[in-house]
Amino acid sequence: MQEITQSTNNFEQCMKCTICTAYCPVVPVNPLFPGPKQGGPDGERLRLKNKFFFDENLKYCMNCKRCETACPSGVKIADIIHSARMNYSHVKPKLRDRILANTDFMGKVARPFAPIVNSVMATAPVKAIMDGVLGIPKERTFPKYQSHGFISWFRKNKEAHQSTFAHQISFFHGCSTEFQHPEVGRAFVEVMNALGYGVQLLDEKCCAVAMISNGLFDQAKRNAAHNIEIFEKAAKPIVTVSTTCTFTMRDEYPHILKVDNSSVRESIYIVEKLICELIDSGQVKLVFNPNYKATSCYHIPCHMEKLGWNIFTQKLLSLIPGLEMQTLDSNCCGIAGTYGFKKENYKNSQAIGKPLFDQIEKAHPDFVACECETCKWQIEMSTGYPVINPIVILADALDLEATFKANN
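Analysis parameters
- Residues numbered from 1 in each chain as written.
- Predicted model: local features only at pLDDT ≥ 70, side-chain atom pairs only at ≥ 80, totals over all residues.
- Heavy atoms only, no water.
- Helix = DSSP H or I, 4+ residues; strand = E, 2+ residues; numbered from the N terminus.
- Rg over C-alpha atoms; globule rule 2.2 N^0.38 Å.
- Buried < 20%, exposed > 50% of the residue type's maximum accessible area, 1.4 Å probe, protein only.
- Contact = heavy atoms within 4.5 Å.
- Areas by Shrake-Rupley, 256 points an atom, 1.4 Å probe, with all protein chains shown as cover.
- Lys, Arg positive; Asp, Glu negative; His and termini not counted.
- Charge placed at Lys NZ, Arg CZ, Asp CG, Glu CD.
- 1 Å grid on protein atoms, 1.4 Å probe; cavity = no way out; pocket = protein on both sides within 12 Å on 5 of 7 lines; lining within 4 Å.
- Points joined across faces, edges and corners; volume = space filled by probe spheres on them.
- Nonpolar A, V, L, I, M, F, W, Y, C, P; charged D, E, K, R; others polar.
- Pairing = 2+ DSSP bridges.
- Phe/Tyr/Trp six-rings, centres within 6.5 Å; stacked < 30°, edge-to-face > 60°.
- Lys NZ or Arg CZ within 6 Å of the ring centre and 35° of its normal.
- pLDDT = per-residue confidence, 0-100.
- Axes fitted to C-alpha atoms, helices over the stretch in contact; angles between N-to-C directions.

1. Topic: the overall build of the protein chain
Phase 1: Summing up its helical and strand segments, the protein chain has 22 helices and 8 strands in all.
Phase 2: Here the C-alpha radius of gyration of the protein chain, 21 Å, is about what a compact globule of 408 residues would show, namely 22 Å.
Phase 3: On the principal axes, the C-alpha backbone points of the protein chain span a range of 70 × 50 × 40 Å.
Phase 4: Expressed as a percentage of the 408 residues in the protein chain, the buried residues total 57%.
Phase 5: Partitioning the contacts of the protein chain with sequence separation of at least 6, the portion at a separation of at least 24 is 78%.
Phase 6: Accessible area of the protein chain: about 17,700 Å², with a carbon and sulfur share of 55%.
Phase 7: For the protein chain, the centre of its 45 positive side-chain charges and the centre of its 41 negative side-chain charges are spaced 5 Å apart.

In structure tokens form, the structure reads like this:
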């Protein structure tokens, strides 16, 4: 029997209340998953005695962090599970997993042929091949690649976004903003400029969340180390528009990858939190377009709920006079990054998201507000309702010229 070793996770704080299991969205739909308590703190005790007790079915954990959000003792349950996968799993990532994990590489490959790639990926024969050969479900709809990304737009307007402003911030835009949704990056720059802040881009790499989920831990560590090195030299704060990027860089880097981010962690913000703090301190003013009218539902992404920062988005959107907004009940959408792009998870992914989809259809909004790009893809595919990042909503609702005059 293997000698007992030390764990860097706080599993001994578990008081066996099983509230994590009650909150886990996977347990009700997938009997193969042992559950957060059994796979997390309970399993850790056994694995420390003998690695034989590692269960490969821990791969079914979505890393949604709802177990950690619910835990009254602050046990890092999902971190324990993913650390166990990193330390004990002998299953090598499949080709599919490597494709899904390398979002930035795939984006660069697809961009020159974006219209063709988007059309071909939507055809039934290609979907059938991906289903049978790669294990990517034929039912899954893919986000569309854009021929021109955010960075190219930014570089054309670089002077206007940087040198004319006394205040400077750094923008971690992320893969989806660059390759699928450049409008989010444009809205971010327009809003921050109107508030009197110049935007600097970073020599960033993917935040690595998809690499963690797909077992590419060494590659994830390299990305994390690179980003922290860049962040240390960058203008502060470092601001994002994606909940998952934010959460990964703040919490997953040290807890799972063991990459020290202590020098920059408190400088990593999501944009809604930053703007709320600027408003509360009296540093900026918002001037809204009186003609803006819309109804919306706000879906709180799981990682945003774990951060506890959804209050900032709710407050910011509530300031828009013409927006009627309903915050939906807390529910996981079921996509969990690349989780729902895998054939073996697809049905469970949709089952997990159904209560959320039903809420949205009942509310019948003009659009759904959400800061997570993969939640966007899941909700749009499953309900047909458009999902808009809150910074885009804010950019649409503001009188940007009047806001600029009020702050510059």
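Text resumes after the structure shown.
2. Digging into empty space enclosed by the protein
Phase 1: According to the stated counting rule, one finds 2 cavities of 30 Å³ or more in the structure shown.
Phase 2: One number sums up the size of the largest cavity: a volume of about 90 Å³.
Phase 3: If you trace the largest cavity, you find 14 residues lining it, with Cys24, Pro25, Cys61, Cys64 and Cys67 closest to the centre.
Phase 4: A class-by-class count of the residues in the lining of the largest cavity yields 11 nonpolar, 1 polar and 2 charged.
Phase 5: For the second largest cavity, the calculated volume is near 70 Å³.
Phase 6: Lining the second largest cavity are Cys14, Met15, Lys16, Cys17, Thr18, Cys20, Lys37, Pro41, Cys71, Val75 and Ile77.
Phase 7: Its residues placed into classes, the lining of the second largest cavity shows 8 nonpolar, 1 polar and 2 charged.

3. Here we look at the environment of Lys306
Phase 1: Locating Lys306 in the fold gives a position in helix α17 (residues 302-307).
Phase 2: A residue is classified by how much of its surface remains accessible, and Lys306, at 26% relative accessible area, is partly exposed.
Phase 3: With 200 residues separating them along the chain, Lys306 and Met106 place their C-alpha atoms 29 Å apart.
Phase 4: Setting aside its immediate chain neighbours within four residues, Lys306 contacts Lys65, Glu68, Thr69 and Phe247.

4. Quick notes on the sheet that holds strand β7 (residues 367-369)
Phase 1: Reading across from one edge, β6-β5-β7-β8 is the order of the 4 strands in this open sheet, with parallel pairing throughout. The outermost strands of the open sheet, each flanked by one partner alone, are β6 (323-327) and β8 (387-388).
Phase 2: As paired elements, β7 and β8 share 2 bridges and run parallel to each other. Looking at the pairing, Val368 lines up with Val387 of β8.

5. Re the packing of aromatic side chains
Phase 1: The tally for this structure, following the rule as stated, stands at 10 aromatic pairs.
Phase 2: Pairing Phe150 with Phe154 gives two aromatic rings, centres 5.9 Å apart and planes at 50°, and the pair type is tilted. With Phe150 and Phe154 both in helix α9 (residues 150-156) and 4 residues apart, this pair spans about one turn of that helix.
Phase 3: Each ring, one from Phe172 and one from Phe231, has its centre 6.0 Å from the other, and the planes form 85°; the classification is edge-to-face. Here the residue Phe172 occupies a position in strand β1 (residues 167-172), and Phe231 occupies one in helix α14 (residues 217-233), the gap between them amounting to 59 residues.
Phase 4: Across the ring face of Phe341, the terminal group of Arg140 is positioned such that the distance to the ring centre comes to 5.0 Å.
Phase 5: It is Lys273 that lies over the ring of Trp309; its NZ or CZ is 5.2 Å from the centre.

6. Quick look at the confidence of the model for the protein chain
Phase 1: When pLDDT is averaged along the protein chain, the result is 93, and 97% of the positions lie at 70 or above.
Phase 2: For residues 1-6, every residue scores under 50 in pLDDT, and the model assigns this stretch 12 contacts once sequence neighbours within four places are set aside.

7. Structural notes on the sheet that holds β1
Phase 1: Reading across from one edge, β2-β1-β3-β4 is the order of the 4 strands in this open sheet, with parallel pairing throughout. Of all the strands in the sheet, just β2 (197-201) and β4 (268-270) have a single pairing partner and so form its edges. Averaged over neighbouring strand pairs, the angle between their axes works out to 40° when direction is ignored.
Phase 2: Taken together, the 5 bridges between β1 and β2 define a ladder with parallel strand orientation. Residue Ser170 lies in a different strand from β2, and its bridge partner there is Gln200.
Phase 3: Each of β1, β2 and β3 (238-240) is contacted by helix α12 (residues 182-194), which is oriented at about 145° to β2, the strand it contacts most.
Phase 4: Packed on one face of the sheet, helix α15 (residues 243-255) meets β1, β3 and β4 and runs near 160° to β4.

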